[in-house]
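Working through the structure, step by step
The lines below spell out each chain.
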Amino acid sequence: MNQPALFPARAMRAARSGALIGAVVALGALLGGCNAVVLDPAGDVAKQQANLVVISTVLMLLIIVPVMALTVLFAWRYRQSNKEARYEPEWDHSTQLELLIWAAPLLIIICLGAITWTSTHLLDPYRPVSRVAKDQPVPADARPLEVEVVALDWKWLFIYPEYGIATVNELAAPVDRPINFRITSSSVMNSFYIPALAGQIYAMPGMETKLHAVLNKAGNYEGFSANYSGAGFSGMRFRFHGLDDAGFAAWVAKARAEKDRLDRKAYLELERPSENVPVRRFAAVDADLYDAVVNMCVEPGKMCMSEMMAIDAKGGLGKEGIRNVRQLTYDKHARRGAVLAPQPMMVGAVCAPPQPVKQAAAERPAPTGAPLTGAGLLRPGVIGGPPRASADAVVPRANNS
């Protein structure tokens, strides 16, 4: 009489087993489509960082796994229904157990600390790479590839000073050649990150960060910003091409065949916020453009931070020096220069006169109340200074109050 009732139960168990098997298969298919580039990168620096992640995880699991297993074991062994388990309500201390509990985690912490300390120095992004790959040091005659990186809103600008070219949202490098990145930003903080090459490093306006890396495997990789920077952040991605020497030479020749030139005027147009920007290439680029971006003086006539710091190192320019600092604050193109007044204004650059006679005349103090000359008032409210020989020679200026 009870036999027919078994069929629904069996069918239900079979359905559950089928669903479980289907879920496992589906999970395996989903995981099979993942690209574990962080743990299997194409660059030696990123590979060392991946090894550090694996080693650190394994060391921590040495204590985590036994603790989790013992937690289950103790809960089962000393359950209320187990009358055979030892019951010692007066127990309060065991020296052997204390040693075991504290010694194992302490040893793991010491190992993690030693690995972290050595890796922090060996994988310092500012430290030039000493090897191309494992057991393969950098050749003595190897010349690193210099790349200047500017994070814009919302795109990436790459300048190759050695080849005199620039690209937008496209980066290329030869395999097994060290790469030296100089990184900055035009407005807000971003994060330069190519998972297959090396770890991320921040790009900040008015500052320069560095990253040294090397690529060991040819391929087409993805780079992006890992720090949220506004509305177009999701499209702030670029392609990184790992090429052999012949392929890289062809890529450079392709860029040089373009007609566009990246001068300061073109940069100011490129700097305007835009989203999902296609790849662009420039056949020529101003040699001092990157330094001008770092020093926040791309606009013609604007004083650079390096120049202002040299003035401050000599004692500054008095009360007007405070206005200089506020005027230099980078406010992007939408409010460029509009800090202390509704109309655009900036700190005037201090230029070196070409003739020694004019230089000597410029170094004489200007009388009080005399009009400013040279890099003085470029427009109402613009603070500058009279011409001088260099940023290290500060000249007394006229009263502009």
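Residues numbered from 1 in each chain as written. Predicted model: local features only at pLDDT ≥ 70, side-chain atom pairs only at ≥ 80, totals over all residues. Heavy atoms only, no water.

Remarks on the confidence of the model for the protein chain
Averaged over every residue, the pLDDT of the protein chain is 80; residues scoring 70 or more account for 70%. For the stretch residues 353–401, pLDDT sits under 50, and the model shows 89 contacts to residues farther than four places along the chain or on other chains. (pLDDT = per-residue confidence, 0-100. Contact = heavy atoms within 4.5 Å.)

Looking at the sheet that holds strand β10 (residues 209–213)
Hydrogen bonds between backbone groups are what pair the strands of a sheet, and the pairing can be parallel or antiparallel. Ordered in space as β10-β7-β3-β4-β5-β14, the six strands form an open sheet in which the pairing is mixed. Both outer strands of the open sheet, β10 and β14 (280–282), are each paired with one neighbouring strand and no more. Going from strand to strand, the sheet's axes swing by 20° on average, the running direction of each strand aside. With five bridges connecting them, strand β3 (residues 145–152) and strand β4 (residues 155–160) associate as antiparallel partners. Each residue of the ladder has a partner; that of L152, found in β4, is K155. (Pairing = 2+ DSSP bridges. Helix = DSSP H or I, 4+ residues; strand = E, 2+ residues; numbered from the N terminus. Axes fitted to C-alpha atoms, helices over the stretch in contact; angles between N-to-C directions.)

Brief notes about the state of the cysteines
Within the structure shown, the criterion is met by one disulfide. Through a disulfide, C297 is tied to C304; the S-S separation comes to 1.9 Å. Its torsion about the S-S bond being 85°, the disulfide of C297 and C304 is classed as right-handed. Residue C297 is classed as buried on the basis of its relative accessible area of 2%. (Disulfide = S-S within 2.5 Å. Buried < 20%, exposed > 50% of the residue type's maximum accessible area, 1.4 Å probe, protein only.)

Regarding the sheet that holds strand β12 (residues 237–243)
The strand order across the open sheet formed by five strands is β6-β12-β11-β8-β9, and the pairing between neighbours is mixed. What marks the edges here is a single partner per strand, and that holds for β6 (170–174) and β9 (198–203). Each strand axis lies, on average, 20° off the axis of its neighbour in the sheet, ignoring direction. The pairing of strand β11 (residues 219–225) with β12 spans six bridges and is antiparallel. Among the inter-strand pairings, Y221 is bridged to a residue of β12, identified as F240. Here helix α4 (residues 245–256) sits on the sheet in contact with β6 and β12, set at roughly 145° to β6.

A few points about α4
Given a rise of 1.5 Å per residue, 12 residues ought to cover 16 Å, and the 17 Å separating the end C-alpha atoms of α4 matches this to within 8%. Among the residues making up α4, those that are buried are F248, W251, V252 and A255. Down the axis of α4, the sector holding all buried residues measures 100°, keeping them to one side. (Expected span 1.5 Å × (residues − 1). Arc of directions from axis to C-beta.)

Describing unusual backbone geometry
Negative phi values dominate among residues other than glycine, just as trans dominates among peptide bonds. Here the amide bond leading from D153 into W154 is cis, since omega sits at -5°, within 30 degrees of zero. Structurally, W154 can be placed in the loop between β3 and β4. One non-glycine residue with positive phi stands out, namely N169, at about 60°. Here N169 lies in the loop between β5 (165–168) and β6. Accessibility expressed as a relative area gives 3% for N169, which makes it buried. Here the phi dihedral of D176 falls at roughly 65°; this positive angle occurs in a residue that is not glycine.

What about the environment of E307?
Mapping E307 onto the fold places it in helix α7 (residues 305–313). For E307, a relative accessible area of 11% translates into the label buried. Put simply, E307 and A349 are 42 residues apart on the chain and 8.0 Å apart in space, counted from C-alpha to C-alpha.

Remarks on the side chain of T167
In this fold, T167 is placed in strand β5. The class of T167 is buried, set by a relative accessible area of 0%. There is a polar contact of 2.5 Å between the side chain of T167 and the backbone oxygen of E170. Beyond its immediate sequence surroundings of up to four residues, T167 is in contact with W156, L157, F158, Y160, W251, R280 and R281. (Polar contact = N/O pair within 3.5 Å; in protein donor to acceptor, adjacent residues only side chain to side chain.)

A look at the nonpolar core
V147, F158, Y160, L171, F181, F192 and F240 are the most contacted members of the largest nonpolar core, which has 37 residues in total. Every residue in contact with F181, bar those within four places of it in the chain, is listed here: V147, V149, L171, F192, L197, T209, K210 and L211. Counting 19 residues, the second largest nonpolar core, distinct from the first, contains L152, A166, L270 and Y290. (Core = buried A, V, L, I, M, F, W, Y, C linked by side-chain atoms within 4.5 Å.)

Side note on the environment of A255
As for its placement among the helices and strands, A255 is situated in helix α4. Residue classification places A255 among the buried residues on the basis of a relative accessible area of 0%.

Things to note about the packing of aromatic side chains
Tallying each qualifying case throughout the model produces 14 aromatic pairs. With 6.3 Å between their ring centres and 65° between their planes, F74 and Y78 make a pair best called edge-to-face. The class for Y78 is partly exposed, based on a relative accessible area of 44%. Ring plane angle 65° and centroid distance 5.0 Å describe the contact between F158 and F238, whose orientation is recorded as edge-to-face. One end of the pair, F158, is in strand β4; the other, F238, is in strand β12, and 80 residues separate them in sequence. Take F158 and F238: they sit in the same class, and that class is buried. Of the aromatic side chains, those joined through ring pairs into one cluster are W156, F158, F181, F192 and F238. Its guanidinium or amino end placed over the ring of W76, R79 lies 3.9 Å from that ring's centre, counting from NZ or CZ. (Phe/Tyr/Trp six-rings, centres within 6.5 Å; stacked < 30°, edge-to-face > 60°. Lys NZ or Arg CZ within 6 Å of the ring centre and 35° of its normal.)

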